[in-house]
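What the coordinates show
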Amino acid sequence: MKSDIHARLGVAVSETSLCAIYLLSSSGEVLSWNRGGRNMKGWDRPEITGLHFSVFYDDSERTRGVPEENLAAARDCGQYSAEGWRLRRDGSVFRAFVEIEFLHPAEGEQAAFIKIVRDVSRQYEERMALSIAQRVIIRREAELSDAS
């Protein structure tokens, strides 16, 4: 009874989350994902299921093997997190904070990964604006001290 409640609660949390939460096979194919994944990335569950998660990376990252490196890091360390640009189905990009956790298989089961993606585009833009403002202030201070 208690595990049934926990399972239903887990599904409810996953489906109502604004984050993209999805399960990847040991080789990186999308096995399932939540509504947040559909809303953030633009694929319906039947369309994305079975595709390799590298579809979210740009061509240069795929050529360099970045998706596979991220899975290898999660497998080796138990988890991996990073921030970077990711692709939506329509080709637009967004800044993402990504966490990948390696799910150690029980005997007779396949290894898998759970991946959580948050859209941090707004925070990234704010950090960049603050960085630009800081550089302008430093330059102005230097100009003022030179003028003195």
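Everything below is about the structure printed above this text.
Numbering of residues begins from 1 in every chain and follows the order in which that chain's sequence is written. Only residues with pLDDT of at least 70 get local features here, since the model is predicted, and only at 80 or more are side-chain atom pairs given and counted; chain-wide, interface and lining totals rely on the full set of residues. Here the side-chain values reflect all heavy atoms present in the structure, with hydrogen atoms and water set aside.

1. Section: the pairing of strand 3 (residues 79-87)
In plain terms, the rule: DSSP calls a pair of strands paired once it identifies at least 2 bridges connecting them. Only DSSP runs of H or I with at least four residues qualify as helices, and only runs of E with at least two residues qualify as strands; both kinds are numbered from the N terminus onward.
Pairing geometry for strand 3 and strand 4 (residues 93-103), over 9 bridges, is antiparallel. Residue pairing for strand 4: tyrosine 80 is matched across the bridge by isoleucine 100.

2. Re the sheet that holds strand 4
Going by this rule: Think of each axis as a best-fit line through the C-alpha atoms, taken over the contacting stretch in the case of a helix, with angles from 0 to 180 degrees between the N-to-C directions. Note on contacts: a residue pair qualifies if any of its non-hydrogen atoms lie within 4.5 Å across the two residues.
Pairing within the open sheet is antiparallel, and its 5 strands lie in the order 2-1-5-4-3. Across the chains shown, the open sheet's two edge strands, defined by having one partner strand only, are strand 2 (30-33) and strand 3. Strand-to-strand twist across the sheet, computed as the mean angle between neighbouring axes with direction ignored, equals 25°. Most of the contacts of helix 5 (residues 66-77) go to strand 3, to which it runs at about 165°, and overall it touches strand 1 (20-25), strand 3, strand 4 and strand 5 (112-119).

3. Overview of the pairing of strand 4
Here strand 3 folds back onto strand 4, and the loop between the two strands holds 5 residues, one of which, glycine 91, carries a positive phi near 90°. Inspection of the sheet shows strand 4 paired to strand 5 by 8 bridges, in the antiparallel sense. What sits directly across from phenylalanine 102, in strand 5, is phenylalanine 113.

4. Quick look at the nonpolar core
Selection rule: The term nonpolar core refers to a set of buried residues drawn from Ala, Val, Leu, Ile, Met, Phe, Trp, Tyr and Cys, joined through side-chain atoms within 4.5 Å. Any residue under 20% of the maximum accessible area for its type is buried, any over 50% is exposed, and the rest in between are partly exposed; the area is computed with a 1.4 Å probe on protein chains only.
Ranked by size, the top nonpolar core spans 22 residues in total, and within it Tyr22, Leu24, Phe53, Phe56, Phe113 and Val117 carry the most contacts. Mapped by element, the contributors of at least two residues to this core are strand 1, strand 2, helix 5, strand 4 and strand 5. With near-sequence residues (within four places) excluded, leucine 24 lies in contact with Glu29, Val30, Leu31, Phe53, Leu71, Ala112, Phe113 and Lys115.

5. What about the side chain of serine 121?
Rules: Under this definition, polar contacts are N or O atom pairs within 3.5 Å; protein pairs additionally need one hydrogen-donor-capable and one acceptor-capable atom, and for neighbouring residues in sequence, both atoms have to be side-chain atoms.
Inspection of the secondary structure puts serine 121 in helix 6 (residues 121-147). Classification of serine 121 by relative accessible area gives buried; the value is 17%. A polar side-chain atom of serine 121 sits 2.7 Å from a polar atom in the side chain of aspartate 119. Apart from the residues within four sequence positions on either side, serine 121 is in contact with Phe94 and Arg95.

Just geometry here; none of it tells us what the structure is for.
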